[in-house]
Amino acid sequence: MSVVSDFTIEGKEVTPFLNKLKRDSTVYYNGCMNENVTIGESSDGQFIYMTGLLPLRSVITISKAIEVTLPGLPKLLKRESVMVIPTAPSIWSQGIMCQRYGFDRLYTSEGCHNEHEPWLNDCQVFEMATEKDKTMSHPFLSVILTSSMHQPYNKQIDPTFPISDKTLPADFACYLNACHYTDSQMKRYFEHLKRTGLYDNSLIVIAADHPVHSSDFGGVSKDIPLYIVNLPSEIKKKMWTGECNQLDVYTTLLDLLGIKSDWYGLGQSLLSPTYQATISSKKWDVSEWIIRSDYFSTRHNLIYPILK
């Protein structure tokens, strides 16, 4: 969550790597992103980023989406694509959903031959991603899901960053400790990208699937962050810096990459000079209709006239 940004404990930054990254002149940072997930939570976040659609409101979205054709981001990018996840392919129906999104390959906990818990920790996830990067044809799309910041927040997992401040709620202290651990693993992965020459040639996006729902942590803000790395200065200057939505990420990426398509998602590009953060009730209704009607299996016309 954005509240962690620049958060310090006893003079030490909780996320020093991400803090340094957001101050980089080539990095767009927005700490005011609204979540658009519903009851599907993590799977909804992934669904929004991969399709530019809003999730269903009355049932878990993937229970219907596994049966329909989707405008997956990998399909529009038309390049080799992989996803690396910390779980088995059955969790959140990742195996089927990755096919629906259009990924070429999915790497899961079942491919990790070292000793591990049922879910891989972030060190193991990034190690797997590092190995898979070496096998990819350029250019490529790689999506990596982390999990070490996931609840329950009942113990501190990073012994290098103990938090003993009793003024903090105990679960919040555990959460901050987990954030520090993930931050350090992302730093290691970025070092790999720079060492192998991938960094300078990549557009890198860091986004949360949703804020913490299990606790209010004493009433902290639930805004989530968005980082887009390696933007030219003239592009970064045009980016919207106020309140935005998860739904906008898909559209913004297509805009930044110059992808030509008759589907740009239901969001708005953060490069638009007329950007507005409001999501109308009609967009929710249209998104529901698209999913339930399997619109993309037979469509011939643009969806945008329906929204006018």
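Residues numbered from 1 in each chain as written. Predicted model: local features only at pLDDT ≥ 70, side-chain atom pairs only at ≥ 80, totals over all residues. Heavy atoms only, no water.

## Focus on the overall build of the chain
When you go through the chain residue by residue, the secondary structure sums to 11 helices and 9 strands. A globule of 308 residues ought to have a C-alpha radius of gyration of about 19 Å, and the chain, at 19 Å, matches this closely. The principal-axis extent of the C-alpha atoms belonging to the chain is close to 60 × 40 × 40 Å. Looking at the 308 residues of the chain, the share that counts as buried comes to 51%. (Helix = DSSP H or I, 4+ residues; strand = E, 2+ residues; numbered from the N terminus. Rg over C-alpha atoms; globule rule 2.2 N^0.38 Å. Buried < 20%, exposed > 50% of the residue type's maximum accessible area, 1.4 Å probe, protein only.)

## Overview of the confidence of the model for the chain
For the chain, per-residue confidence averages 93 on the pLDDT scale, and residues scoring 70 or more make up 97% of the total. In the predicted structure, residues 300-308 sits below a pLDDT of 50 and forms 21 contacts with residues beyond four places in sequence or in another chain. (pLDDT = per-residue confidence, 0-100. Contact = heavy atoms within 4.5 Å.)

## Some remarks on the packing of aromatic side chains
Going through the model one piece at a time under the given rule, you end up with 15 aromatic pairs. Both rings, one in Trp263 and one in Phe296, keep their centres 5.0 Å apart while their planes meet at 80°; by these two values the pair is edge-to-face. Highlighted residues: Trp263 in the loop between α9 (247-257) and α10 (281-293) and Phe296 in the loop between α10 and α11 (304-307), separated in sequence by 33 residues. Here Trp263 matches Phe296 in class, with each residue buried. Put simply, the rings of Phe7, Tyr153, Phe172, Tyr175 and Phe217 touch in pairs and so form one group of aromatic residues. When the ring centre of Tyr199 is taken as reference, the NZ or CZ atom of Lys194 above it lies at 4.9 Å. (Phe/Tyr/Trp six-rings, centres within 6.5 Å; stacked < 30°, edge-to-face > 60°. Lys NZ or Arg CZ within 6 Å of the ring centre and 35° of its normal.)

## Some details on the nonpolar core
If you look at the biggest cluster of nonpolar residues, it comprises 51 residues, and the most contacted ones within it are Phe47, Leu53, Leu70 and Phe103. If one sorts the elements of this core by residue count, α9 sits on top with 5 residues. Here Phe103 is in contact with Met50, Pro74, Ser81, Val82, Met83, Cys98, Leu141 and Val143, once residues within four sequence places are set aside. (Core = buried A, V, L, I, M, F, W, Y, C linked by side-chain atoms within 4.5 Å.)

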